[in-house]
Amino acid sequence: MTAPQPPASTKAETSAKLAFRPLPVPQVDVRGFWGDRVDAVAAKTAGILYDRCVEARMLEQIDPDRPSPGVVIPFHSPSPDEADAQGAEFTGSTVTTQMFWDSDWGKTIETAAYSLYRRRNPDLEKKIDAVIDMYGKLQQPDGYLSSWYQRIQPGLRWTNLRDCHELYCAGHLIEGAVAYYQATGKRKLLDIMCRYADHIASMFGPEPGKRKGYCGHEEIELALVKLARATGENKYMELAKYFIDQRGQQPHYFDEEARARGADPKAYHFKTYEYNQSHKPVREQDKVVGHAVRAMYLYSGMADIATEYGDDTLKVALERLWDDLTTKSLYVTGGLGPSAHNEGFTSDYDLPNETAYAETCASVGLVFWASRMLGMGPNARYADMMERALYNGSISGLSLDGSLFFYENPLESRGGHHRWKWHRCPCCPPNIGRMVASIGSYFYGLADDALAVHLYGDSTARFEIAGRPVSLVQTSNYPWDGAVAIEIEAETPIALTLYLRVPAWCRNAALKVNGKMVDLDAATIDGYAAIRREWRRGDRVELDLEMSMARLFANPQVRQDIGRVALARGPLIYCVEETDNGGGLHCIALPREAKLEAHSEPNLLGGIVTLSAIGSRAETENWGSDLYRAKPPAAEETKLKAVPYFAWDNRDPGEMLVWLREG
Ligand SMILES: [Zn+2]
């Protein structure tokens, strides 16, 4: 494996000495909870993604040796009804072409890359190599590369950035290329995508004669940052910064572009440029609006640029947007974007449970954004939310065995919502696949002489401080148990600041270094305990986080949740399922004073901790045929059992409920 190059000495680097960068995926081995999930992706999901892409006839679009499929299916976002209808039956055989197939290949390559690092799979590697060869053959002499615009709609490249995902596709292929290079050492796709990025840089930028555009679906911004970090080429960082700086400027590029192709800019399907966050320049934006995944990808790119350039104007805008999302528009699961209509945000405090769209990709995007906010320094405000989205609203999108997927992640189901094999708009499966397979890179942030531990879990990390190799081993049964032991191994004593997150959900925490208690209050800033010392071989840190159980209540302005309570333990949000509690979950109520109990159940759902309590159930049997009565129903005592939300719909199909009635 070839180690990635550090960024070349650049303006970005000199102004951002305190940047905390994620460790590349191969430098962190995860075990335990995340190890099981990565294994499921490596053993199943990665191969399934490839097979489903082939079944959806995606190879026919990208392979220049085959005749062009030529059937154009216009872009279409599925409604929830359609998604359900397509559901488990849909394997893609009716779809031949799509403008975003390159993005699905990019994410499939990325998932495969990280999976190959985890688990050798020569058959899958050969298949991915063949896909990469097709892209190599498809690439035009000037570097341009888009299976849609080369094979399906030739002659129209760069004419509709607003709607056609052209740069978005490039971004996903870039991310796939970086991952494949990091995981296998193979440069072919990286070289292909550098040539394409060079071509894009020759077409877009502030210089006279270049286009002043950017993509309607953000993604390339964060991808170019990855490319810059992997290659050390600052020109890619500059291009990412250009796309971010240019977004929403006047005259509006999407207006001009529409006129240039003879279209009325006002005849825009989504009516407002809020849909793709180009309604105003990014530094002036203060509300999280529009399509949720696009928003998360944009803010992720902005956070990367804020980190790399030490740009406080971007940082201030991001903090405003973060406040807006987390105080008004975020589900308790870390899900976001309640509406199927725009696949995005609606109005403040509008968080319907049963119809929650909460696309898996949006929660994955929130993980991306939160992790990048940590580039500007450790802050539990971001890391706690990253953890919330990771353990709940994102991995709910993947079945425990890694074979089935959710597109929408509602917080309540009457029994009809289940994971499916594939989708005609298959953005979520490879997105959750790549996130899980790359989970190691979310654990840590590395600065010049500091390491921040953002996530806990059984794992080993390898990194360098001042050119000297250091390893850090975490031993823990997190998230089921909050005891974390950390051992630091270095050949010679090494000075570094270790930042340890103390999550806000934890009511009691204790920290010891080599057996000696540390005053946590004095050591903690922004939710991280900082320990600066010269670390020697065998030094041991013990962090004890009480896995507190909690009742959570929503702001009363959330009309759907008033009078209701959600259960949590540590970072996990819980739900009740029909298979444990019988049907009619809305009839169950949990009294405020009922005692919550936690039970370790090693044989249930891969080994989980369940919660139980004595509640009550409105009895329906003696109600008769009346629809209304002047007397309330009688209630009987019932024992309720809750499981982690991420694990729902892995057993007998049935109802599910996160927000329980209180009473
Ligand atoms: Zn998606």
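- In the annotation of an unreviewed UniProt entry, the protein chain is listed under the name DUF1680 family protein and assigned to Mesorhizobium shonense.

## Description of the overall build of the protein chain
Link 1 in the chain: Per the secondary structure count, the protein chain includes 19 helices and 23 strands.
Link 2 in the chain: The C-alpha atoms of the protein chain give 25 Å as radius of gyration, which agrees with the globular expectation for 663 residues (26 Å, within 12%).
Link 3 in the chain: The C-alpha extent of the protein chain, read off along each of the three principal axes, is 75 × 70 × 50 Å.
Link 4 in the chain: Across the 663 residues of the protein chain, 62% fall into the buried class.
Link 5 in the chain: Here the analysis covers contacts within the protein chain between residues at least 6 apart in sequence; of these, 73% occur between residues at least 24 apart.
Link 6 in the chain: As displayed, the protein chain offers around 24500 Å² of accessible surface, 50% of which is attributable to carbon and sulfur atoms.
Link 7 in the chain: Between the mean site of the 74 positive side-chain charges and the mean site of the 89 negative ones, the protein chain shows a separation of 2 Å.

## Some remarks on the sheet that holds strand E14 (residues 539-545)
Link 1 in the chain: Across the sheet, 7 strands lie side by side as E2-E6-E7-E8-E14-E10-E11; this open sheet has antiparallel pairing. The open sheet has two free edges, formed respectively by strand E2 (28-30) and strand E11 (516-518), since each of these has just one partner strand. Going across the sheet, the axis of each strand differs from the next one's by a mean of 20°, ignoring polarity.
Link 2 in the chain: As judged from the 3 bridges shared by E2 and strand E6 (residues 459-465), these two strands associate in the antiparallel manner. Bridging across to E6, Val-30 finds its partner in Ser-459.

## Overview of the coordination of the zinc ion
Link 1 in the chain: Every protein donor of the zinc ion is accounted for by Glu-359 (OE), Cys-361 (SG), Cys-427 (SG) and Cys-428 (SG), and the metal-donor separations fall at 2.1 to 2.3 Å.
Link 2 in the chain: Around the zinc ion, the 4 donor atoms are arranged such that angles at the metal cover 91 to 120°; this shape is classified as tetrahedral.
Link 3 in the chain: All donors of the zinc ion come from a single chain, and their spacing in sequence reads E-x1-C-x65-C-C. Highlighted residues: Glu-359 in the loop between helix H14 (312-328) and helix H15 (360-373) and Cys-427 in the loop between strand E3 (412-413) and helix H17 (428-437), separated in sequence by 68 residues.
Link 4 in the chain: Looking at Cys-427, the relative accessible area reads 10%, which means it is buried.

## Regarding the pairing of strand E13 (residues 528-535)
Link 1 in the chain: Alignment of strand E9 (residues 494-501) against E13, held across 8 bridges, turns out to be antiparallel. The partner of Leu-496 across the bridge, within E13, is Arg-533.
Link 2 in the chain: One ladder, built from 2 bridges, connects strand E12 (residues 524-525) with E13; its direction is antiparallel. Bridging from a neighbouring strand, Thr-524 pairs with Ala-529 of E13.
Link 3 in the chain: In this structure, the hairpin formed by E12 and E13 is closed by a connection of 2 residues, where Asp-526 is found at a positive phi of approximately 50°.

## Concerning the packing of aromatic side chains
Link 1 in the chain: Tallied over the entire structure, the rule returns 33 aromatic pairs.
Link 2 in the chain: Taken together, a centroid distance of 5.9 Å and an interplanar angle of 65° make the contact between Phe-33 and Trp-480 edge-to-face. Note that Phe-33 is positioned in helix H2 (residues 32-55) and Trp-480 in the loop between strand E7 (468-476) and strand E8 (483-490), a separation of 447 residues in sequence. Both residues of the pair, Phe-33 and Trp-480, count as buried.
Link 3 in the chain: Three or more aromatic residues joined by ring pairs make a cluster, and in this case those are Phe-33, Trp-34, Tyr-391, Tyr-456, Tyr-478, Trp-480 and Phe-646.
Link 4 in the chain: Across the ring face of Tyr-144, the terminal group of Arg-157 is positioned such that the distance to the ring centre comes to 4.0 Å.

## Quick word on the pattern of salt bridges
Link 1 in the chain: The tally for this structure, following the rule as stated, stands at 55 salt bridges.
Link 2 in the chain: For Asp-304, the salt bridge identified is with Arg-229, shortest N-O distance 3.8 Å. Remark: Arg-229 occurs in helix H10 (residues 220-231) and Asp-304 occurs in helix H13 (residues 292-309); sequence separation between them is 75 residues. Across this residue pair, the class does not change: Asp-304 and Arg-229 are buried.
Link 3 in the chain: The partner of Arg-372 in a salt bridge is Asp-304, and the shortest N-O contact between them spans 3.0 Å. A residue pair is termed long-range when its members are at least 10 positions apart, and Arg-372 in helix H15 and Asp-304 in helix H13 qualify at 68 residues. Each of the two residues, Arg-372 as well as Asp-304, counts as buried.
Link 4 in the chain: Each of Arg-21, Arg-229, Asp-304, Glu-308 and Arg-372 takes part in one network of salt bridges that share partners.

## Observations concerning the state of the cysteines
Link 1 in the chain: Counting across every chain of the model gives 0 disulfides.
Link 2 in the chain: Of the cysteine sulfurs around Cys-425, a residue in no disulfide, the closest is that of Cys-427, at 4.2 Å.
Link 3 in the chain: A relative accessible area of 8% means that Cys-425 is categorised as buried.

## So, the side chain of Arg-294
Link 1 in the chain: Turning to its location among the elements, Arg-294 is positioned in helix H13.
Link 2 in the chain: For the buried Arg-294, no salt bridge exists, and the shortest N-O distance to an oppositely charged side chain is 5.3 Å, to Glu-218.
Link 3 in the chain: Here Gly-216 takes part through its backbone oxygen, which lies 2.9 Å from a polar atom of the side chain of Arg-294.
Link 4 in the chain: Apart from residues no more than four positions distant in its own chain, Arg-294 is found in contact with Arg-162, His-165, Gly-216, His-217, Glu-218, Tyr-275, Asn-276 and Gln-277.

## Focus: the UniProt feature "domain: Non-reducing end beta-L-arabinofuranosidase-like GH127 middle" (unreviewed entry) in the protein chain
Link 1 in the chain: Mapped onto the present numbering, the UniProt feature "domain: Non-reducing end beta-L-arabinofuranosidase-like GH127 middle" (unreviewed entry) falls on residues 451-547.
Link 2 in the chain: Structurally, residues 451-547 is divided into 4% helix and 62% strand, and its ends, taken at the C-alpha atoms, are 24 Å apart.

## A word on unusual backbone geometry
Link 1 in the chain: Cis geometry is found at the peptide bond from Gln-250 to Pro-251, where omega equals -5°.
Link 2 in the chain: Inspection of the secondary structure assignment puts Pro-251 in the loop between helix H11 (234-246) and helix H12 (253-260).
Link 3 in the chain: For the peptide bond that leads from Tyr-478 to Pro-479, omega is 5°, which places it in the cis range.
Link 4 in the chain: One can find Pro-479 in the loop between E7 and E8.
Link 5 in the chain: Within the chain, Ala-358 stands out as a residue other than glycine whose phi angle is a positive 40°.
Link 6 in the chain: Along the chain, Ala-358 falls in the loop between H14 and H15.
Link 7 in the chain: Positioned with a positive phi, Asp-526 is a non-glycine residue whose angle comes to about 50°.
Link 8 in the chain: Structurally, Asp-526 is set in the loop between E12 and E13.

## Some thoughts on the packing of H2 against helix H5 (residues 101-118)
Link 1 in the chain: Viewed as axis vectors pointing N to C, H2 and H5 meet at an angle of 140°, and their least axial separation amounts to 9 Å. Between H2 and H5, the angle is such that the two are oblique. In the crossing of H2 with H5, the sense of the turn from one axis to the other is left-handed. Contacts between H2 and H5 involve Gly-35, Val-38, Asp-39, Val-41, Ala-42, Ala-46, Leu-49, Tyr-50, Cys-53 and Val-54 from the first element and Trp-105, Thr-108, Thr-111, Ala-112, Ser-115 and Arg-118 from the second.

## Considerations on the sheet that holds strand E5 (residues 450-453)
Link 1 in the chain: Taken in spatial order, the 6 strands of this open sheet run E1-E4-E5-E9-E13-E12, and their pairing is mixed. If you trace the sheet from one side to the other, it starts and ends with strand E1 (21-22) and E12, each paired once.
Link 2 in the chain: Where helix H16 (residues 380-394) meets the sheet, its contacts fall on E9 and E13, and the angle it forms with E9 comes to roughly 60°.

## Digging into the confidence of the model for the protein chain
Interpretation of this model should avoid reading the predicted coordinates in detail wherever pLDDT is low.
Link 1 in the chain: Chain-level pLDDT for the protein chain is 93 on average; 94% of the residues reach the 70-or-more range.
Link 2 in the chain: Predicted confidence for residues 1-16 stays below pLDDT 50, and this span has 31 contacts to residues more than four positions away or in other chains.
Link 3 in the chain: Throughout residues 73-93 the model reports pLDDT below 50, and contacts reaching past four residues in sequence, or to other chains, amount to 45 contacts.

## A few points about the side chain of Glu-125
Link 1 in the chain: Among the secondary structure elements, Glu-125 is positioned in helix H6 (residues 122-138).
Link 2 in the chain: In this view, Glu-125 contacts Leu-116, Arg-120, Tyr-180, Thr-184 and Lys-186; residues no more than four positions away in its chain are not counted.

Thresholds applied
Residues numbered from 1 in each chain as written. Predicted model: local features only at pLDDT ≥ 70, side-chain atom pairs only at ≥ 80, totals over all residues. Heavy atoms only, no water. Helix = DSSP H or I, 4+ residues; strand = E, 2+ residues; numbered from the N terminus. Rg over C-alpha atoms; globule rule 2.2 N^0.38 Å. Buried < 20%, exposed > 50% of the residue type's maximum accessible area, 1.4 Å probe, protein only. Contact = heavy atoms within 4.5 Å. Areas by Shrake-Rupley, 256 points an atom, 1.4 Å probe, with all protein chains shown as cover. Lys, Arg positive; Asp, Glu negative; His and termini not counted. Charge placed at Lys NZ, Arg CZ, Asp CG, Glu CD. Pairing = 2+ DSSP bridges. Axes fitted to C-alpha atoms, helices over the stretch in contact; angles between N-to-C directions. Donors = N, O, S within 2.8 Å, 3.2 Å for Na, K, Ca; no water. Tetrahedral: all angles 85-135°; square planar, octahedral: opposite > 155°, others 65-115°. Phe/Tyr/Trp six-rings, centres within 6.5 Å; stacked < 30°, edge-to-face > 60°. Lys NZ or Arg CZ within 6 Å of the ring centre and 35° of its normal. Salt bridge = Lys/Arg side-chain N within 4 Å of Asp/Glu carboxyl O. Disulfide = S-S within 2.5 Å. Polar contact = N/O pair within 3.5 Å; in protein donor to acceptor, adjacent residues only side chain to side chain. UniProt positions renumbered as here; feature names shortened; annotations may be inferred. Parallel < 35°, antiparallel > 145°, perpendicular 65-115°, else oblique. Left-handed = near helix turned anticlockwise from the far one by under 90°. pLDDT = per-residue confidence, 0-100.

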